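Given next are the chains, with one letter for each unit.
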Amino acid sequence: MEASGRAAFLALLGAALLGGALGFYLPGLAPVSFCETEEGTESSCKSGIELFVNRLDSVESVLPYEYTAFDFCAVSKAKRPSENLGQVLFGERIEPSPYKLKFKKEEKCKTVCTKSYNTNNAADKVNLDFLKKGMLLNYQHHWIVDNMPVTWCYNVEDRQKFCNPGFPIGCYVTEAGRPKDACVVNSNFNEKDTFYIFNHVDITINYHLVENEKLVARLVAAKMEPNSYKHTNVDEPDCAAGPMFLSNKFSGEVKIPYTYSVHFVEDKDIRWASRWDYILESMPHTNIQWFSIMNSLVIVLFLSGMVAMIMLRTLHKDIARYNQMDSVEDAQEEFGWKLVHGDVFRPPRKGMLLSVFLGSGTQIFIMTFVTLFFACLGFLSPANRGALMTCAVVLWVLLGTPAGYIAARFYKSFGGEKWKTNVLLTAFLCPGVVFADFFVMNLILWGEGSSAAMPFGTLVAILALWFCISVPLTFIGAYFGFKKAGIEHPVRTNQIPRQIPEQSFYTKPLPGIIMGGILPFGCIFIQLFFILNSIWSHQMYYMFGFLFLVFIILFITCSEATILLCYFHLCAEDYHWQWRSFLTSGFTAAYFLVYAIHYFFSKLQITGLASTILYFGYTMIMALIFFLFTGTIGFFACFWFITKIYSVVKVD
């Protein structure tokens, strides 16, 4: 048993590491070849390199904005690339840029456009104030070349290089003379109460030549360095003057010229398949967290093994003792969990609501498992933008049948007869709460003019997916669930409920529920930090292999913690296990909520009422989904455990 357990753990670990190592190879994504000149209309290589711009975001605000919202140089009437559902939900708005690049064609201080502002003009003043706000809140550009982020690499602590997939609009020096954010990189940024605009970018594109093909190359890195130049001659910029600055109290007319330089470097060491590695290797704390994650998983596995061993040994003795009671005198002296065999399958109160929660929880569980499985295979890597969210939404829509089936089966076993209400609640209650919260958040985003505001057409499309696909599938599942014979329990339920004796403090419902969520939360909080970082601090999340392993450990821990507490309550002759098992495991979501609040105040720099409301609004959606997910695991684990133990004892 021990050897097989160790083998299983090593197999899981191997899968995790494989997922982590190959997380950025996307099957089916073909590399693009580039050459200096295209020969013929059907040439297999391209000379033009398209640079796309994405929405701008900030760690100090939850509100992303489109590139054009800041009045940067833009392409008029350009056709935007099509975006998938996941990209729209995350507020990504990719569009072509006016930066024209050709393979191996060097550019030096080339003008893109010049923006003029006059503070006496109302429209110009609004645009200039919005640009200042972007610099004050440290909004970041996100550019894309050949489906790769254009990164800004700079040295951090201990001479380590960090490659940021974004770069700031500019920066601000406070009235006290303290440089904020990117202003610390240049000692010339020293004027008090002044904004410094990064109006020039030095782009360096690394490529490697394809073997066995002459003069054909593939891009392996796109790096840039933002700079600020106040060009003395706007028509003929030289990128040699001092920084382009703008006093906070400035009034009058100002011109901001935008320029760029391009440099190409051949790199013989990096191959196309591993071109994301330099970004991932520079992520902060990544190397430290490998040990921390493994340490956490080993501890959780050890605790789970101890719980399983105690349960098996104790139960084995109990079952052996109960089965040896042959005489009537022995039977009258029953004690422990066997005493409640006639009540343990008694239908719970609010069985309708519990069955609906179980249906929705099953839908979320299967969706999460399949999504993480595909992510480990590399199909949902960040190279395939929006794929993770798209996959999750599509799976949720298609998994209406299991939700309806599970809800109907358990509602029928609880003795419920209002099957129409059960089906409608399964189809609309939990999804409706999530959609209502999401809709309110979307109204706030609309009001703030954010790019994350979902277009009306997309909102209608999501409602169509829900009402036209998910709801009918839920009805189909419920039909088969109600049509099938009820769940057969191993023991009969008595007509008269047994009186539950006075419980000690530790076997009362609330203390058990609160204690039950501690162990499951302990195995996820490190990964939770990385996930929250990827959502709110705009860092790339790529450790899907470890996340899948944590998912399995969470499943085991929720199950064993709930079974253990369920056993203690049955021994104390308390047979109300259904809601308690769901809430015991589901209380992990309460710890998640507390951690999210702690993360908001200790790690984030979010300012503004709208951003705060959005943070907590989206966090409530995540907490509800996590509550249904973990609660369903706990219920099914306890249901399986109780069915097993009462099926192997002799009941007169």
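Everything in this summary refers to the structure shown in the same document. (Residues numbered from 1 in each chain as written. Predicted model: local features only at pLDDT ≥ 70, side-chain atom pairs only at ≥ 80, totals over all residues. Heavy atoms only, no water.)

A short note on the overall build of the chain
Definition in use: Labels follow the DSSP assignment, with helices taken as runs of H or I lasting at least four residues and strands as runs of E lasting at least two, numbered in each case from the N terminus. Whether a residue is buried, partly exposed or exposed follows from its accessible area with a 1.4 Å probe, protein chains only, as a fraction of its type maximum: under 20%, in between, or over 50%, in that order. Throughout, a contact is declared for two residues whenever any of their heavy atoms are within 4.5 Å. To be clear on the numbers: accessible area is Shrake-Rupley with a 1.4 Å probe, and residue cover counts the displayed protein chains and nothing else.
Helix and strand counts for the chain come out as 18 helices and 19 strands. Per-residue burial over the chain gives 52% buried out of 652 residues. Long-range contacts, defined here as pairs at least 24 residues apart, represent 78% of the contacts in the chain between residues at least 6 apart. When the accessible area of the chain is evaluated, it comes to approximately 31,300 Å², of which 61% is carbon and sulfur surface.

Notes on the environment of S602
Counting through the fold element by element, S602 comes out in helix α17 (residues 588-602). By relative accessible area, which is 41% here, S602 ends up partly exposed.

Let's talk about the nonpolar core
Nonpolar side chains tend toward joint burial in soluble globular proteins. Using the following cut-off: In this description, a nonpolar core means a group of buried Ala, Val, Leu, Ile, Met, Phe, Trp, Tyr and Cys residues linked to one another through side-chain atoms lying within 4.5 Å.
Core analysis: the biggest nonpolar cluster contains 151 residues, and W143 and I642 have the highest contact counts within it. Broken down by element, this core gets its largest block of residues, 16 residues, from helix α18 (residues 609-647). Look past the residues within four positions of W143 in its chain and what remains in contact with it is L51, F52, V53, Y67, Y99, M148, P149, V150, F167, V201 and I203. Core analysis: the next-biggest nonpolar cluster, separate from the first, contains 13 residues, L85, A427, M454 and V471 among them.

Thoughts on the sheet that holds strand β19 (residues 253-266)
Just so we agree on the cut-off: Should DSSP find at least two bridges between two strands, the strands are regarded as paired. With axes taken as lines fitted to C-alpha atoms, and helix axes fitted only over the stretch in contact, angles between N-to-C directions fall between 0 and 180 degrees.
Ordered in space as β7-β19-β16-β17, the 4 strands form an open sheet in which the pairing is mixed. For this open sheet the edge positions go to β7 (107-118) and β17 (217-227), each flanked by a neighbour on one side alone. Recorded for the sheet is a direction-independent mean angle of 20 degrees between the axes of neighbouring strands. Of the strand pairs in this sheet, strand β16 (residues 200-209) and β19 are connected by 8 bridges, and their pairing is parallel. Looking at β19, one finds that V201 is bridged to Y260. Strand contacts of helix α3 (residues 122-136): β7 and β19, with the helix running at about 125 degrees to β7, the strand carrying the most contacts.

Looking at the sheet that holds strand β9 (residues 143-145)
The strand order β5-β2-β9-β10 describes an open sheet built from 4 strands, whose pairing is antiparallel. The sheet terminates laterally at β5 (95-96) and β10 (148-149), the two strands that pair on one side only. Pairing analysis gives 2 bridges linking strand β2 (residues 51-53) to β5, with the strands arranged antiparallel. Each bridged residue has a counterpart across the sheet, and for V53 the counterpart in β5 is E95.

Examining helix α11 (residues 456-483)
Heads up, the condition is: One less than the residue count of a helix, multiplied by 1.5 Å, gives the span that helix is expected to have. One axis is fitted to the seven residues ending at the residue and one to the seven starting there. The bend at that residue is the angle between these axes.
Over its 28 residues, α11 extends 39 Å from the first C-alpha to the last, a length consistent with the 40 Å expected when each residue adds 1.5 Å. Maximal helix bending in α11 amounts to about 30 degrees, located at S470; proline P472 follows within four positions. Buried residues of α11: T458, L459, I462, W466, S470, V471, T474, G477, A478, G481 and F482, and no others.

Overview of the packing of α17 against α18
Worth spelling out the cut-off: Any angle between 65 and 115 degrees counts as roughly perpendicular, while under 35 counts as roughly parallel, over 145 as roughly antiparallel, and the rest as oblique. Rotating anticlockwise by less than a right angle from the far helix to the near helix defines a left-handed crossing, while the corresponding clockwise rotation defines a right-handed one. Only Asp, Glu, Lys and Arg are considered charged, only Ala, Val, Leu, Ile, Met, Phe, Trp, Tyr, Cys and Pro nonpolar, and every remaining residue, Gly among them, polar.
The N-to-C vectors of α17 and α18 enclose an angle of 155 degrees; their axes lie 8 Å apart at closest approach. In terms of orientation, α17 and α18 fall into the roughly antiparallel class. As α17 runs across α18, the sense of the crossing is right-handed. Residue-level contacts link T588, A589, F592, L593, A596, I597, Y599 and F600 of α17 to T612, Y615, F616, T619, M620, M622, A623, F626, F627 and T630 of α18. Considered class by class, the residues forming the contact of α17 with α18 number 14 nonpolar, 4 polar and no charged.

Re the packing of aromatic side chains
Worth spelling out the cut-off: The pairing test for Phe, Tyr and Trp rings, Trp by its six-membered ring, is centres within 6.5 Å, and the orientation test on the planes gives stacked under 30 degrees, edge-to-face over 60, and tilted for anything in between.
The final tally for this structure, using the stated rule, is 66 aromatic pairs. When the ring of F103 is compared with that of F264, the centres are 5.7 Å apart and the planes differ by 75 degrees; the resulting orientation is edge-to-face. Linking F103 in the loop between β6 (101-102) and β7 with F264 in strand β19, this pair joins segments that are 161 residues apart in sequence. F264 shares its class with F103; the two are buried. Ring centres of F189 and F198 lie 6.1 Å apart, and the angle between their planes is 50 degrees; this geometry places the pair in the tilted category.

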